[in-house]
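# Structural overview
Okay, here's what each chain looks like letter by letter:
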Amino acid sequence: MIHIHRRGDAAGPAPDPSSPTFVVGPDILWVDLIDPTRDEELIIERVLGLLLPTRAEMAELEASSRLYRENGATYLTADLIHNGDAEVPAVDPVTFVMTPGPLVTIRYFDPRPFPILKERLDRDPDLCSSAPDLFLNLMEAVIDRASDVLARNAARVEVIAGQIFAGRKTVGFGKLITRLGQAQMAASRIEQSLADLARVFAFITLDDRIGHDPDARDHVKSLSRDAASLSAHNQAVAANLNFQLSAALGLINIEQSSIIKIFSVAAVAFMPPTLIASIYGMNFRHMPELHQVWGYPLALVAMLAAAVMPLVWFKRKGWL
């Protein structure tokens, strides 16, 4: 699918990309390719005279395949967060092509910053007057969305911390560790996206349309500082997650040790009564106590005393 956005002062509807006479004129501000077919890619390549990266090329990790300049255009590919309201948000690549004419974006999903910016453009058609201006506004929306997802993940980590250190004996550590793992995955994907954005902001200044514009350069520096501060915050959240995971595992070990201690104390407490019962359960003929009236009560009292005395001793030693 191809979405065409015209400048705010352009009159008339946007041209139809499927038309044989379709051309990208100076009035077109943004060409947004959403899950494009190969035919749609060929249309844009024909009218712009540029080669667009394929989906496989967008997924490559080396910097030379993600950030480069070719035929007067600057190609920027970054992993952006989407489905940010889920327990584990997803990240997938989006390519931005800064051409001498419009901004071209290629994506196979719908991250929230794109519809947000389109709504802003609908409300204020004069919001963006050029492709660099549009790119910077789009990056600002991307940073805002990353901040929202990071804040949500940080709040979730604080809730988990409160449950871990609530002081209750039965907390349900299995579910908490699962939630910690999900929060760690979310933090890792947020960091992946922020790192890609930092590389994009460092590379985009090489483009003359931004590098020679003082206002645009200052805007990029501001975005870079925002990405760096969010990355530092995200790293603090990740460190907190590691601490909570270690604490949860430690509390699990303490809980298991307490259970084992109870069984150990019970075993020690019942060993002397078991010994007495075993002695008087033997079938020897000459056992004088067996013929005495007080023999049975004496055996019961001896077994009770043998059970209580170790417990009293453990209590005095502070082992219980």
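Provided above is the structure to which this section pertains.
Below is a short write-up of the structure. (Residues numbered from 1 in each chain as written. Predicted model: local features only at pLDDT ≥ 70, side-chain atom pairs only at ≥ 80, totals over all residues. Heavy atoms only, no water.)

## Overview of the side chain of Glu-41
- Of note, Glu-41 is situated in helix 1 (residues 38–48).
- Non-local contacts of Glu-41, meaning those with residues more than four positions away in its chain, are made with Leu-33, Pro-36, Leu-52, Pro-53 and Tyr-108. (Helix = DSSP H or I, 4+ residues; strand = E, 2+ residues; numbered from the N terminus. Contact = heavy atoms within 4.5 Å.)

## Here's the deal with the sheet that holds strand 1 (residues 2–6)
- If you walk across this open sheet you meet the six strands as 1-2-6-5-4-3, and the pairing is mixed. The two strands at the open ends of the sheet, each matched to only one other strand, are strand 1 and strand 3 (67–70). Between one strand axis and the next, the sheet turns by 20 degrees as a mean value, whatever way the strands run.
- Bridge count between strand 4 (residues 73–82) and strand 5 (residues 90–98): nine bridges; the pairing is antiparallel. Note on strand 5: the bridge partner recorded for Leu-80 is Asp-92.
- Here helix 5 (residues 131–164) sits on the sheet and contacts strand 2 (28–34), strand 4, strand 5 and strand 6 (103–107); the angle it forms with strand 5, its principal contact strand, is near 165 degrees.
- Here helix 6 (residues 173–204) sits on the sheet in contact with strand 3, strand 4 and strand 5, set at roughly 160 degrees to strand 4. (Pairing = 2+ DSSP bridges. Axes fitted to C-alpha atoms, helices over the stretch in contact; angles between N-to-C directions.)

## A word on the packing of helix 5 against helix 8 (residues 214–280)
- Relative to each other, helix 5 and helix 8 sit at 20 degrees, their axes nearing to 10 Å. Put simply, helix 5 runs roughly parallel to helix 8. Considering only the axes of helix 5 and helix 8, their crossing is left-handed.
- Looking at the contact of helix 5 with helix 8 residue by residue, the class counts come to 18 nonpolar, seven polar and three charged. (Parallel < 35°, antiparallel > 145°, perpendicular 65-115°, else oblique. Left-handed = near helix turned anticlockwise from the far one by under 90°. Nonpolar A, V, L, I, M, F, W, Y, C, P; charged D, E, K, R; others polar.)

## Here we look at unusual backbone geometry
- At Asp-35, a residue that is not glycine, the phi angle is positive and equals roughly 45 degrees.
- Here Asp-35 lies in the loop between strand 2 and helix 1.

## Here's the deal with the pairing of strand 5
- Across the nine residues of strand 5, eight count as buried, placing the element largely inside the fold.
- Bridge analysis of strand 5 against strand 6 gives four bridges, and the strand direction is antiparallel. Paired with Met-98 across the two strands is Leu-103, which belongs to strand 6. (Buried < 20%, exposed > 50% of the residue type's maximum accessible area, 1.4 Å probe, protein only.)

Treat this as a map of the structure, not an account of what it does.
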